[in-house]
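# Secondary and tertiary structure notes
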Amino acid sequence: MRPGGEPTVKKVPRVAIVGFPNVGKSTLFNRLTGKRKALVHSLPGMTRDCIEEKVELEGRSFVLVDTGGLFGVPDEPLGDLVRERAWREVERADLVLFMLDSKREVTPAEEELLLSVRKTGVPRLLVVNKVDSPEQEAAAASFYRLGEKDTLFVSAEHKHNIELLEEAVARALGPGDSAGDKEQEPLRVAIVGRINVGKSSIINRLLDDERLLVSAIPGTTRDSTDSLVVRYGKRYCLVDTAGIRKMADTRDSREKAGILRAKQNIRRADVICLVLDAREFPTRQDAHIAQLAHDSGKPLMIALNKWDLVDKQALDPEAARRIIFGKLGFVDYAPLLLISARTGQRVARVLDLAGEIHENASRRVETSRLNAFLEAVSAAHPPRLEDGGRAKLRYMTQKGVRPPAFILFLGGRGRLLPAYERYFLGALREKFGFHGTPLRLFVRASPGRR
Ligand code: GDP
C-alpha cells in the first residue's frame, strides 16, 4: 500500500539492452533469457519495436528488454517517433546494459548515445561484447577510456563472462522481493460507458480471445464480476461492479444506474477505458462519464466501438477524432482506439494500451530535466500572465505520480494566461511522454531573487 492507502501495482524491474545495430544485442538477449531460437527481426520499413521477456536470476525476476533497431535509426520519416519510443524505454528502465562491439572502434555516434544515456541518470553497465578470450580482453582495455565505472568484457555468443554479467545485473538491481514479484498485483482496468455501447461484448471478447484465466478474485465485493485476464504474462483485472442493473426499469433510472456503475468502476480501477458507440457519439451521457474519469485523475483511453458499422467513406479516423475531442476537449490527452467487439478488431489493444498509459501516469522526471525543459519552453514561447504582463518560469519539480503533479515557481506576480498554461502542459506531455494521463500543475509565486 502507498501512503495514500490505495493498493499499488508492484513494479518488476526493467533492464534495457541499448546499442547500435550489430553489437550483439539479440544474442545477449537470447543468452540471458535462455532462448535458443533466433528472433525474427523486423523488416526494414516496418515498425520497429522492443522485444521483452521475463528473466529469473538468482531469485530475482526482472523484465529484459531488447531495444533492437530502435537506436541508430538513419534519418527517415519515422526516425523521430522511433527515437522517442527508444528513449522512453531507457527512461523507464532500472538498469541499462550499454553494448559495444570490441571488434571495432567506438563511433562518435555511439559516444553521443552513451552520453545521452548518462544524462538520464539511469544506472548502467557498459558491456563490451565479442570478447572471446583473455588476450582479447587485454586488447579491449581501450574501452576503459570511456570512463564508465562498471565495464564488463563478454562474449554473448561464446558465453564468456556471462556469469559475471549476471551477477553484476543482480547486484545492480539490489535484493528483490521475489515472492512479491510473483504475486504481482493485476492492473485494474474499468471498461465504462453508457448502456449498449458494447462494454460486455468487449469484456467477453477479451476473455475469449486471450483464452484467459478467468477466476474470482479474492477480496472483491459480492456484487462484482471482476475477471482476471493474462496477456503476454501481464495480469489485468477487468473491474465490473454489477448488481445495480436490477433496479433499472425506466430509461431515466437506467441512465442513473449507468452513471452510478461507471462511478463505482472508476473508483476501483487503475486505468479507465471509456467506450463510445460509433453510431452516435459523443452524447451528453458520454461527456458526463468522461468528466467523472477526468476528475478521478486516473489514466484514460477512449475506445470507439462498433467501428465495423461505420461507413469509412463517410467517417475516417481523423474525422472521428475531431468529433470526439471537439466535444470532449478536456480529455484530449486520452489515446483513441477504433475497435469492434463484433469482429474483434483491435480489442486486445485495450489491455496493452492500459499498461502503457498506467506507466506514463507513474513516470517521474528528475528536477534537472524539468528545468532544462523550462528553459527550452520559455525560449520558444515567452510566458504570459493573465494581465498581459511577462512572467519568468523559474523552477519546477515533480510532486507526485498518478496523476503526475508538478509545482511550477513563477517569477513575478499574477497568474499565467490560461492559454499559456494549456500550451505549457501540452509541451510537458509531449516532451516526457505523459500520454493518456491527466496532469496537475500547481503554480506558485517564487520568493524572488536572492
Ligand atoms: P453494454 O450495455 O455496454 O454492455 O453493451 P453490450 O455489450 O450488451 O452490447 C449492446 C449491443 O451492441 C449488443 O446487441 C451487441 O451485440 C452489440 N455490439 C457490441 N459491440 C459491437 C460491435 O463492435 N459491433 C456491432 N456491430 N455490434 C456490437
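Residues numbered from 1 in each chain as written. Predicted model: local features only at pLDDT ≥ 70, side-chain atom pairs only at ≥ 80, totals over all residues. Heavy atoms only, no water.

## Overview of the confidence of the model for the chain
For clarity, the threshold we go by: Looking at any residue, its pLDDT shows the predictor's confidence there, from 0 to 100. Contacts are assigned to residue pairs with any non-hydrogen atoms lying within 4.5 Å of each other.
Mean pLDDT over the chain works out to 83, with 82% of the residues at or above the 70 mark. Taken together, the stretch residues 37-48 has pLDDT below 50 and engages in 14 contacts with residues farther than four places along the chain or on a different chain. This model gives residues 210-223 a pLDDT under 50, and the stretch forms 27 contacts once residues within four places in sequence are excluded.

## Re the sheet that holds strand 6 (residues 151-153)
Note on sheets: strands pair through backbone hydrogen bonds, and any given pair is parallel or antiparallel. Selection rule: If DSSP finds at least two bridges between two strands, the strands pair. Under the scheme used here, helices are H or I runs from DSSP no shorter than 4 residues and strands are E runs no shorter than 2 residues, and both carry numbers assigned from the N terminus. Only C-alpha atoms enter the line fits that serve as axes; for helices the fit covers just the stretch in contact. Angles between N-to-C directions range over 0 to 180 degrees.
Taken in spatial order, the six strands line up as 2-3-1-4-5-6 in an open sheet, and their pairing is mixed. Strands at the two margins of the open sheet, each flanked by one partner only, are strand 2 (51-57) and strand 6. Direction aside, neighbouring strands of the sheet carry axes that sit 25° apart on average. Pairing geometry for strand 1 (residues 14-18) and strand 3 (residues 60-66), over four bridges, is parallel. Of the residues in strand 3, the one forming a bridge with Val 15 is Leu 64. The strands touched by helix 1 (residues 25-33) are strand 1, strand 2, strand 3 and strand 4 (95-101); relative to strand 3, the strand with the most contacts, the crossing angle is about 160°. Contacting strand 1, strand 4 and strand 5 (124-129), helix 3 (residues 108-120) crosses the sheet at an angle of about 170° to strand 4.

## Quick word on the site of the ligand
Stated precisely, the cut-off is as follows: Whether a residue is near a molecule or strand is decided by its heavy atoms; if any one of them lies within 4 Å of it, the residue is near. Here a polar contact means two N or O atoms within 3.5 Å. Within protein one must be a hydrogen donor candidate and the other an acceptor candidate, and residues neighboring in sequence count only if both atoms are side-chain atoms. Exposure was quantified through the Shrake-Rupley algorithm and a 1.4 Å probe, taking into account, for residues, occlusion by the shown protein chains and nothing else.
Around the ligand, a shell composed of 16 residues is seen, among which Asn 196, Lys 199, Ser 200, Ser 201 and Asp 308 lie nearest. Here Asn 196 contributes a backbone N or O atom positioned 2.8 Å from an oxygen atom of the ligand. In the environment of the ligand, an oxygen atom lies 3.0 Å from a nitrogen or oxygen atom belonging to the backbone of Gly 198. Protein chains bury 77% of the 580 Å² of accessible surface belonging to the ligand in isolation. For the shell around the ligand, the element with the highest residue contribution is helix 7 (residues 199-209), accounting for three residues.

## A short note on unusual backbone geometry
Residues Phe 281 and Pro 282 are joined by a peptide bond in cis, for which omega reads -25°. With respect to the element layout, Pro 282 can be found in the loop between strand 10 (271-277) and helix 9 (284-296). Note that the residue after Arg 402, namely Pro 403, is joined by a cis bond; omega there is 0°. Relative to the helices and strands, Pro 403 is located in the loop between strand 13 (392-400) and strand 14 (405-411).

## Focus on the side chain of Thr 397
Relative to the assigned elements, Thr 397 resides in strand 13. What Thr 397 contacts, discounting residues up to four positions off in sequence, is Thr 367, Leu 370, Ala 405, Phe 406 and Ile 407.

## Looking at the packing of aromatic side chains
Spelled out, the test is: Each pair of aromatic rings taken from Phe, Tyr and Trp, with Trp reduced to its six-membered ring, is defined by centres within 6.5 Å and is described as stacked if the planes are under 30 degrees apart, edge-to-face if over 60, and tilted in the remaining cases. Only protein chains enter the accessibility calculation, which uses a 1.4 Å probe; a residue is then buried when its area is under 20% of its type maximum, exposed when over 50%, and partly exposed in between. Only lysine NZ and arginine CZ atoms are considered, and such an atom sits over a ring when it is within 6 Å of the ring centre and within 35 degrees of the ring normal.
Counted by the stated rule, this structure contains six aromatic pairs. Both rings, one in Phe 373 and one in Phe 432, keep their centres 5.7 Å apart while their planes meet at 65°; by these two values the pair is edge-to-face. Remark: Phe 432 occurs in helix 13 (residues 418-432) and Phe 373 occurs in helix 12 (residues 367-380); sequence separation between them is 59 residues. Just as Phe 373 is buried, Phe 432 falls in that class too. The aromatic ring of Phe 442 is capped on one face by Lys 399, whose charged end is 4.4 Å from the ring centroid.

## Let's talk about the sheet that holds strand 8 (residues 227-231)
With respect to topology, six strands assemble into an open sheet ordered 8-9-7-10-11-12, the strand pairing being mixed. With partners counted over all chains shown, the strands left at the sheet margins are strand 8 and strand 12 (336-338), one partner each. Across the sheet, the axes of successive neighbouring strands diverge by a mean angle of 30°, strand direction being ignored. Note that strand 10 and strand 11 (residues 300-305) share six bridges and pair parallel. Pairing of Leu 274 across the sheet is with Ile 302, part of strand 11. In this fold helix 8 (residues 251-268) packs onto strand 7 (187-192), strand 9 (234-239) and strand 10, with an angle of close to 165° to the strand it touches most, strand 7.

## Here's the deal with the packing of helix 1 against helix 5 (residues 162-173)
Note the threshold: These descriptions rest on fixed angle ranges, namely under 35 degrees for roughly parallel, over 145 for roughly antiparallel, 65 to 115 for roughly perpendicular, and the rest for oblique. Note that Gly is not counted as nonpolar here; it falls among the polar residues with everything else outside the nonpolar set of Ala, Val, Leu, Ile, Met, Phe, Trp, Tyr, Cys and Pro and the charged set of Asp, Glu, Lys and Arg.
Relative to each other, helix 1 and helix 5 sit at 75°, their axes nearing to 11 Å. Judged by the angle between their axes, helix 1 and helix 5 are roughly perpendicular. The residues of helix 5 that touch helix 1, namely those facing Leu 28, Arg 31 and Leu 32, are Ile 162, Leu 165 and Glu 166. Grouping the amino acids of the contact of helix 1 with helix 5 by side-chain chemistry returns four nonpolar, no polar and two charged.

## Digging into helix 1
Side chains that are three or four residues apart share a direction in an α-helix, a result of its 3.6 residues per turn. By the criterion of burial, helix 1 is predominantly enclosed, with seven of the nine residues buried. Taken as a whole, helix 1 has its buried residues at Lys 25, Ser 26, Leu 28, Phe 29, Asn 30, Leu 32 and Thr 33. In this structure, the buried residues of helix 1 make contact with strand 1, strand 2, strand 3, strand 4 and helix 5. Just past helix 1, the residue Gly 34 takes up positive phi, approximately 80°.

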